[in-house]
Every structure is written in structure tokens, then in C-alpha cells.
Amino acid sequence: MRTKIAFIIAILIMLCGCGEDTIDGSLRVPQLPEEYVEFNDEINKIKNEGFELVSPNGGTNRQSVQLTDLDNDGIDEGVAFFREIGNAHKVYAYFFEQNEEGYGITAKIEGSGDTVENVTYADLMGNGNNEVIIGWSLSDSGAKSVGVYSVTEEDSVKLCEVNSLYHIACDLNGDMVNDLCVVYQDPADGKQKLAFYSQDEGNFIFRASAPLSAKSDVILRIRAAYIDDMQPAVFVEKRHGSAGVITDVITWKDKILKNLTYSDTAEESEKTARTYEMYCEDVDLDGALEIPIPGMPVNGEGEGEIIPGVSWYGVGKDYKLKAFIFRSSVEKWNVSLPLDWRNRCVAVYRKMSPSLNVSTVYSYKEDGTREELFSIMAISGENREKNMEKLGYEKLSERGNTLYAIQIKKKRYLGYDITAEMLAERFTFREAEWSTGEVVF
Ligand SMILES: [Ca+2]
Ligand SMILES: [Ca+2]
Ligand SMILES: [Ca+2]
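The model shown is predicted, which means the values in this text are computed figures rather than measured ones.

### Thoughts on the sheet that holds strand β19 (residues 256–259)
- If you walk across this open sheet you meet the 4 strands as β16-β17-β18-β19, and the pairing is antiparallel. Edge positions in the sheet fall to β16 (219–226) and β19, since each of these pairs with one other strand and no more. Averaged over neighbouring strand pairs, the angle between their axes works out to 20° when direction is ignored.
- In this structure, strand β18 (residues 244–253) lies alongside β19, joined through 4 bridges in antiparallel fashion. Paired with Ile250 across the strands is Asn259, a residue of β19.

Next up, the structure:
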């Protein structure tokens, strides 16, 4: 999709007269595929009737003119968004199809708002054709809705149109056909909920809705992913408190839409609440997302920056601790430690010199003091290998101009022998930041 758009943009740039000088000084006009010129002509015709192109505000497909193969016949259809000049209250989506004469208009949809928020294409009916999912908004009231349209050679049919703050197309019921999950505010009680829509024998219907954590309306991320038994789920992550995050995990199983983490009495997924801005990740690379719960901040740790030990929980039959990890946000590594070390140790990061940073893991002792277990050294500079050997550290890994080495305090034991081999197995460079994926805002 993006490549096609980039191609169109490249063509439009070429049409603007950018070219190569030939020997005689005249501009050599590049040869263009005829159909794209014809498509551009069609767009210009609409413009000449008093319309201007408008772009979607957000989402991944933000161009005012897009090419996409809606009916999967290998030939792209055209989509363009227009507003009548002088009439800010209406917005339109035009659809074009290639025919013998070039491109012709097949359908025109009047938006249920005055602004295009986003547009995505997904097969929601399971017939091999992509439906068009358009988020609309009204600039006066801020009201948002989502419309699902089936656009064919002859016509467009509106399959549904509902109030929506956010939506995501994903296969939640596992029937290999995309469904639509919509976050909306229920006018009956003012609360945010997630509604689930899916196809049923040619109809696109509302199935059920489930509550979302109610104490904040600020949605930070939405993602379709798997939980522990490879059950599809939607993860909704909201602001909690002033800077924290809370996660709702919604599944459709046995024809029931359920927020698995939600507590009716607390009116939120209280066990997932954390005071740090940390998001779900597949931290153990088993294909399912885990929810991060950092340990409580520890006071009096002396000089240096506390690295919180984070417990990562999986959602499935149980809410289960799956990993306990110290992560250096500065050096981008994870060290995953035995699960029963949780709540028993803390890590402190210190900059010792321009070429040496040290992250030390301590265990707590019953009398409240702490005991050093091991340190991960990040050594840079020209003589890093020699310096590491001189200091008696064991090499762990190397990345760029930095050497990572380990120093283990002798005779330290926390249920396990702490060895360089054990730590080398548990040390990884941090995966890329969790991306927003298919989220549509
Ligand atoms: Ca097509
Ligand atoms: Ca489905
Ligand atoms: Ca995982």
C-alpha cells in the first residue's frame, strides 16, 4: 500500500515538471503509465467542479489520494477524499475503478462528519474483498464515528456506522476473518466500553460490549495480540493516575466478550495498574503479550539511579508471573532473573567515568541492609578489552564500541549459584520499543 502511494507521489512530482536536462537543454518528459495520468485527470475534473482534496488526520493511510486493490483482482482501485470549497460541513470519499477509458467514479460516500480521521482496508466479510473502514469526526462537537463500507464496481453499501472513539480491525473470534473492535462512550452511563462487531452470513453485526477500566478515559495504546493460550485478544492501555498505565485484555470466547483483567468491584483492571509508563510486550518471545508490573520504588539506595525490577505477567487461564527483568533504559539491555528473586532485589545504575557505567544488582537482607550480588559493566574507550581484563571482569557481550562485562561478588547465593554462564544466558539486548502496530487513533 505504502509503496503504491509512494509511486503515485513520485509520479505527481514528475508531473510537476521535475526532469532531466537533455543535451539540447530541453526537458525530457518521463513516460508515465497511462492509467495514472488518467486517474490524475479524473481527480482534476472533481477539483474543477469546486472541490479540494483533504487528507485523513491520522492512521497509517494519510494520503488524500490512495490506490488499493479492494476486490483483489490485481488491479488497484482509487480512493480520494474531497471537500467542497466553501462548505466546511461536508466531506466525501470518492472511489474510482479502472475501465477501458481510464478511471471512472464508482461510488461517492458522504461522510458522517466534516473531517476524515482515518481510513483502513480490511476484509471484514470473509469474501476476499476489502471493506473500507473510515473514521469520521465533527469538528464542532468532536463527535467521532466509524463507518464500514463495502465498495464494489457499481455501488457502495454501508455495513455499519457507530459512535467510536477508536477502532481496530482484527480477528478476535479466531474464524480467520477480520472483525471490528470499537471503543466508544456509552451514552447510558458515560463509561468507555469496547464493542465487538463481526460478520454473520453476509451481515455485519454487533455482538457484545465489555467494560473498560473506568477511572481514566485517556487511551494510550490499543493492540490486537495473543494471550497465553494463543487466544486472540485486544489490549487497551489507559492512563492510570498521573503517569501510570492500566491494561484491559478483552477476548471473545464461547460467544462471550470478556475483559479478562477487569474487576467489577474496582471498576478497573486493578491488578494491572502500575505507576510507571510501561506498556505490554512479548518480553519472553513466546508470541503472547505480557503485562509489566514494576516493583515498588526503594528508598535509600545511595548514589545512582534505581532500575526497577519488573515482573511480567501473562494472561490466560490464570494471571501468571512469566518473567522478572531488570532493564537498562540507558544501555538497552535486559537481564532476566529467576522468578523467585522478585521482591528480593534491586538494581542501581551508576556512571563511574566517561568510559565506565555500572549497573549493580543487590539482594535485600532481613535486617533491611542489602548485599551486592553482581554488576554489569558497560566499558567503552579504546582500551576497553585490556581494561576489562585488568579489572578481572568476565566478558558478557559486545555492541558497537561498548563491551559488556560481568563482575560477580564471591560467595553470593540467592537460591541459585550466580555464575557468568547463568547471567550470559539471561542477558539480551532490548528488543525495539513496542510499536503501535495496527492501532487507529
Ligand atoms: Ca481491484
Ligand atoms: Ca473474526
Ligand atoms: Ca510473551
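### Things to note about helix α2 (residues 34–48)
- Between the first and last C-alpha of α2 there are 21 Å, a value that for 15 residues agrees with the 21 Å anticipated at 1.5 Å per step.
- Within the sequence span of α2, burial applies to Tyr36, Phe39 and Ile43. Down the axis, α2 shows its buried residues gathered within 60° of arc, on one side only. Along α2, exposed side chains directed more than 90 degrees from the buried face belong to Glu34, Asp41, Asn44, Lys45 and Asn48.

### Details of the sheet that holds strand β12 (residues 166–170)
- Strand order in the open sheet formed by 4 strands is β12-β13-β14-β15, and the pairing between neighbours is antiparallel. The sheet is open, and its two edges are formed by β12 and β15 (203–211), each paired on a single side. On average, adjacent strands in this sheet sit at an angle of 25° to one another, irrespective of strand direction.
- As paired elements, β12 and strand β13 (residues 179–185) share 5 bridges and run antiparallel to each other. If you follow His167 over to β13, its bridge partner there is Val182.

### A short note on the pairing of strand β23 (residues 319–328)
- As defined by bridge partners, strand β22 (residues 309–315) adjoins β23 across 7 bridges and the pair is classed as antiparallel. Following the sheet pairing, Gly314 is matched in β23 by Lys320.
- Hairpin remark: β22 followed by β23, antiparallel, with 3 residues in the connecting loop.
- Examined bridge by bridge, β23 and strand β24 (residues 333–337) share 5 bridges and lie antiparallel to one another. Bridge pairing in β24 places Ser328 opposite Trp333.
- Taken together, β23 and the strand that follows it, β24, pair antiparallel across an intervening segment of 4 residues, in which Lys332 is found at a positive phi of about 60°.

### Regarding the nonpolar core
- Ranked by internal contacts, the top residues of the largest apolar core, which has 96 residues, are Leu194 and Val234.
- The residues touching Leu194, leaving out its near neighbours within four places in the chain, are Cys181, Val183, Ser209, Ala210, Leu212, Val234, Val236 and Ile250.

### Some points on the environment of Gly126
- By secondary structure assignment, the location of Gly126 is in the loop between β8 (115–122) and β9 (131–137).
- The partly exposed category is assigned to Gly126, around which 14 C-beta atoms lie within 10 Å.
- Residues Gly126 and Asp200, 74 residues apart in the sequence, show an inter-C-alpha distance of 9.7 Å.
- Here Gly126 is in contact with Val177 and Gln199, once residues within four sequence places are set aside.

### Considering unusual backbone geometry
- The backbone of Glu201 shows a phi angle near 45°, a positive value even though the residue is not glycine.
- Position of Glu201 relative to the elements: it lies in the loop between β14 (192–200) and β15.
- Look at Glu201 and you get exposed, because 6 C-beta atoms sit within 10 Å.

### Brief notes about the environment of Gly304
- As for its position among the elements, Gly304 is in the loop between β20 (290–294) and β21 (305–307).
- Along the sequence, Gly304 and Val358 sit 54 residues apart, while their C-alpha atoms lie 9.5 Å from each other.
- Ignoring sequence-local partners within four residues, the contact set of Gly304 consists of Val348, Tyr349 and Arg350.

### Focus: the confidence of the model for the chain
- Looking at the chain, the pLDDT average stands at 87 and 88% of residues meet or exceed 70.
- Predicted confidence in the chain is weakest over strand β1 (residues 20–21), with a mean pLDDT of 34, and strongest over β19, with 98.
- Segment residues 5–29: pLDDT under 50, and 18 contacts once partners within four positions in sequence are set aside and those in other chains are kept.
- Here residues 434–441 scores under 50 on pLDDT; set against residues more than four positions off or in separate chains, the count is 21 contacts.

### A few points about the pairing of strand β17 (residues 232–240)
- Where burial is concerned, most of β17 is hidden: 7 out of the 9 residues are buried.
- Sheet topology note: the β16/β17 ladder contains 7 bridges and is antiparallel. In the strand pairing of β17, Tyr226 is matched with Pro232.
- The antiparallel hairpin formed by β16 and β17 contains 5 residues in its connecting segment, where Met230 sits at a positive phi of about 60°.
- Sheet topology places β17 next to β18; 7 bridges connect them, and they run antiparallel. Residue Lys238 lies in a different strand from β18, and its bridge partner there is Ile246.

Procedures and definitions
- Residues numbered from 1 in each chain as written.
- Chains lettered and ligands numbered in written order.
- Predicted model: local features only at pLDDT ≥ 70, side-chain atom pairs only at ≥ 80, totals over all residues.
- Pairing = 2+ DSSP bridges.
- Helix = DSSP H or I, 4+ residues; strand = E, 2+ residues; numbered from the N terminus.
- Axes fitted to C-alpha atoms, helices over the stretch in contact; angles between N-to-C directions.
- Expected span 1.5 Å × (residues − 1).
- Buried ≥ 20, exposed ≤ 12 C-beta atoms within 10 Å, placed from the backbone.
- Arc of directions from axis to C-beta.
- Core = buried A, V, L, I, M, F, W, Y, C linked by C-beta atoms within 7 Å.
- Contact = placed C-beta atoms within 7 Å.
- pLDDT = per-residue confidence, 0-100.

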